[in-house]
Amino acid sequence: MILKASVVTNYVSLALMSTFTLMAVANNQISVFYIVYLFWFDEILRTVSKFVFYIFKKQFIKNQLVFISNIKSKFFLLFVYFVFIVIFFGFIIDWKNQDLILINFEVLLFQSSMFNFTLITFIVRELFLFFKNEYETVSGSILLSKGIIVLHISIIIGMLIWGFLPKNFYENANSNMLSAIVIVPFLLLKLFFEIKTSKN
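Residues numbered from 1 in each chain as written. Predicted model: local features only at pLDDT ≥ 70, side-chain atom pairs only at ≥ 80, totals over all residues. Heavy atoms only, no water.

**Structural notes on the packing of aromatic side chains**
Applying the stated criterion across every chain yields a total of 20 aromatic pairs. Judged by centre distance (6.2 Å) and plane angle (40 degrees), the rings of Tyr37 and Phe82 are tilted. Placement of the pair is Tyr37 in helix α2 (residues 32-57) and Phe82 in helix α3 (residues 64-92), with a sequence separation of 45 residues. The interplanar angle of 85 degrees and the centroid separation of 5.4 Å between the aromatic rings of Phe192 and Phe193 together place this pair among those described as edge-to-face. Taking relative accessible area as the criterion, Phe192 reaches 48% and is therefore assigned partly exposed. (Phe/Tyr/Trp six-rings, centres within 6.5 Å; stacked < 30°, edge-to-face > 60°. Helix = DSSP H or I, 4+ residues; strand = E, 2+ residues; numbered from the N terminus. Buried < 20%, exposed > 50% of the residue type's maximum accessible area, 1.4 Å probe, protein only.)

Set out below in structure tokens:
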């Protein structure tokens, strides 16, 4: 079976994302905000890419009116997520842990090298897919994409972690200990949905 270029590109992107994320864990440069915000960025870049595709190559899209309507709804949903992720995961849950707050600020201000490298791989992936024309015959049903589902579940997991872990542990734990406990489930969730969707 010959894999489409889009599938291979997604696998390469996943591999690089996983590598940079594990490097961030190893270098004590990660937090719950880091991983959830990364997933948000992945989805906003996919959405922007689809919008650009609609502008320049709409002939490849089925149900164009539904498609653009869903794109607009998705932008609004991602804006709501952005506000919630930054306020809740970026500040509220890490407020008493200075190390994690510093990491969150570095991510937010694009001062985290591992985060930035991962974003670059996302951008390269979307550029490649755009020029390969492999959004061909895109359907209109993109509002509940794999990225949005992963984002939904990640936010729920993040809130559960904050709610059920002992507060003194979360507030005083060093980043490596916290990362070892909470980051792996997020990463496995992302890999599961991405690989499952690519196979389909």
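**Brief notes about the packing of α2 against helix α6 (residues 146-164)**
It is the contact of α2 with α6, at a shortest axis distance of 9 Å, that shows an interaxial angle of 165 degrees. Looking at the two axes, α2 sits roughly antiparallel to α6. Seen from above, α2 lies across α6 with left-handed handedness. Side by side, α2 and α6 meet where Val32, Val36, Phe39, Trp40, Glu43 and Arg46 of the first sit next to Lys146, Gly147, Ile148, Val150, Leu151, Ser154, Ile155 and Gly158 of the second. A class-by-class count of the residues in the contact of α2 with α6 yields eight nonpolar, three polar and three charged. (Axes fitted to C-alpha atoms, helices over the stretch in contact; angles between N-to-C directions. Parallel < 35°, antiparallel > 145°, perpendicular 65-115°, else oblique. Left-handed = near helix turned anticlockwise from the far one by under 90°. Contact = heavy atoms within 4.5 Å. Nonpolar A, V, L, I, M, F, W, Y, C, P; charged D, E, K, R; others polar.)

**A few points about the pattern of salt bridges**
Tallied over the entire structure, the rule returns seven salt bridges. In this structure, the salt-bridge partner of Asp42 is Arg46, at a minimum N-O distance of 3.4 Å. Taken together, the residues Asp42 and Arg46, both in helix α2 and four residues apart, mark about one turn of the helix. The class of Asp42 is buried, set by a relative accessible area of 1%. Across the pair Lys190 and Glu194 runs a salt bridge, and its minimum N-O distance is 3.2 Å. Of this pair, Lys190 and Glu194 both sit in helix α8 (residues 175-199), separated by four residues, roughly a single helical turn. Residue classification places Lys190 among the buried positions, given a relative accessible area of 2%. On the accessibility criterion, Glu194 (2% relative accessible area) is buried. Each of the salt bridges in this network shares a partner with another, and the network as a whole consists of Asp42, Arg46, Arg125, Glu126, Lys190 and Glu194. (Salt bridge = Lys/Arg side-chain N within 4 Å of Asp/Glu carboxyl O.)

**As for helix α5 (residues 113-132)**
The end-to-end C-alpha separation of α5 is 29 Å, in line with the 28 Å expected for 20 residues at 1.5 Å each. Along α5, the positions that sit buried rather than exposed are Met114, Phe115, Thr118, Leu119, Thr121, Phe122, Arg125, Glu126, Leu129 and Phe130. (Expected span 1.5 Å × (residues − 1).)

**Side note on unusual backbone geometry**
Phi at Asn28 is positive, roughly 60 degrees, even though this residue is not glycine. Along the chain, Asn28 falls in the loop between α1 (5-26) and α2. In this structure Asn28 comes out as partly exposed when scored by relative accessible area, which is 33%. Positive phi, close to 60 degrees, is recorded for Phe110, a residue that is not glycine. The residue Phe110 is located in the loop between α4 (98-108) and α5 in this model. Its relative accessible area of 40% is what places Phe110 among the partly exposed residues.

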